[in-house]
Amino acid sequence: ALPGAAAGSYLPHLPRVPVMKGRVHSIQSLGAVDGPGVRYVVFLQGCPLRCAYCHNPDTWDFSGGQEREAAELVQEICRYKMYFGDKGGVTVSGGEPLLQPAFVGELFRLLHGEGIHTALDTSGVWADWDGACQVLEHTDLILGDLKFATPEEYRLHCKADMEKPLAFYRLAEERGIPLWVRHVVVPGLNDSLEDMGKMQALAKSFSNLEKIEWLPFHNLCVEKYQSLGIPFPLAGTDNMDEEALQRLVEQLNAEGA
């Protein structure tokens, strides 16, 4: 039995689409930063979170994007298979892919049939527990976007509960699926050694953790918010200096050695 199995109140009504079809926001055919190797990245439409530093508010609307069939998409992906090599494959990102579990589960099943590595880039927020379990049946790697280290920060900065993501990541841990934790570091919000130490401790509590990716905040998304007429919560916040972030990571690792 899983705590909080009913969909949270912050989850919007999902549009009905034919089984094994999903709403796709965009595609990057040869990506290099969303998992190991060269990857075909499918960004799905729809997200229930409202993270303060979200770079893609255009993915929020569940009625946006283009409807695609899983089998048709796999045929398209196979044309790029030669570029994947031994390490590459396909990453499904978002929006939030766990809110289209039938589509992602079928897509991953078909990709495994073609011998293609699958990675799930997710915030861990699910609407249907059985569907989330179905997705994991054919998931080779979890790119877990851990937002904050405490429930209070999740509610304040993401308008969401922390319970669902942790439950999902624990399930992946039980199934022995490798986990890469990804965490955005924002100046003045979560860039202290104390904040990063809490996140590191949470990440290391998962026995399937392979690595932590500390991602510097960038404010290039401001124009997207302006074009959509949506206030950007972090307007005026500077970019996270990558060298400063690297120094913080080195200091954090040195103190934890």
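Residues numbered from 1 in each chain as written. Predicted model: local features only at pLDDT ≥ 70, side-chain atom pairs only at ≥ 80, totals over all residues. Heavy atoms only, no water.

Caption draft 1: Spatial organisation of helix 4 (residues 129-136). Most of helix 4 sits inside the fold, with six of its eight residues counted as buried. Listing the buried residues of helix 4 in full gives Trp-129, Gly-131, Ala-132, Cys-133, Val-135 and Leu-136. Buried residues along helix 4 sit against helix 3 (101-113), strand 5 (117-122), strand 6 (141-145) and helix 6 (163-174). (Buried < 20%, exposed > 50% of the residue type's maximum accessible area, 1.4 Å probe, protein only. Helix = DSSP H or I, 4+ residues; strand = E, 2+ residues; numbered from the N terminus. Contact = heavy atoms within 4.5 Å.)

Caption draft 2: Examining the sheet that holds strand 7 (residues 179-185) more closely. Ordered by their spatial adjacency, eight strands build an open sheet running 3-1-2-4-5-6-7-8, and the pairing between neighbours is mixed. The open sheet has two edge strands with one neighbour each: strand 3 (66-69) and strand 8 (209-216). For this sheet the average axis-to-axis angle between neighbouring strands, irrespective of direction, equals 30°. Where helix 1 (residues 70-78) meets the sheet, its contacts fall on strand 1 (21-31), strand 2 (39-44), strand 3 and strand 4 (89-93), and the angle it forms with strand 3 comes to roughly 80°. (Pairing = 2+ DSSP bridges. Axes fitted to C-alpha atoms, helices over the stretch in contact; angles between N-to-C directions.)

Caption draft 3: Main features of the packing of helix 1 against helix 3. Taken N-terminus to C-terminus, the directions of helix 1 and helix 3 make an angle of 40°; their axes are 9 Å apart at the nearest point. Classified by the interaxial angle, the pair formed by helix 1 and helix 3 is oblique. Along this stretch, helix 1 crosses helix 3, giving a crossing that reads as right-handed. Counted together, Ala-70, Ala-71, Leu-73, Val-74 and Ile-77 of helix 1 and Phe-103, Glu-106, Leu-107, Leu-110 and Leu-111 of helix 3 form the full contact between these two elements. Partitioned by chemical class, the residues of the contact of helix 1 with helix 3 number nine nonpolar, no polar and one charged. (Parallel < 35°, antiparallel > 145°, perpendicular 65-115°, else oblique. Left-handed = near helix turned anticlockwise from the far one by under 90°. Nonpolar A, V, L, I, M, F, W, Y, C, P; charged D, E, K, R; others polar.)

Keep in mind these numbers describe shape, not what the thing actually does.
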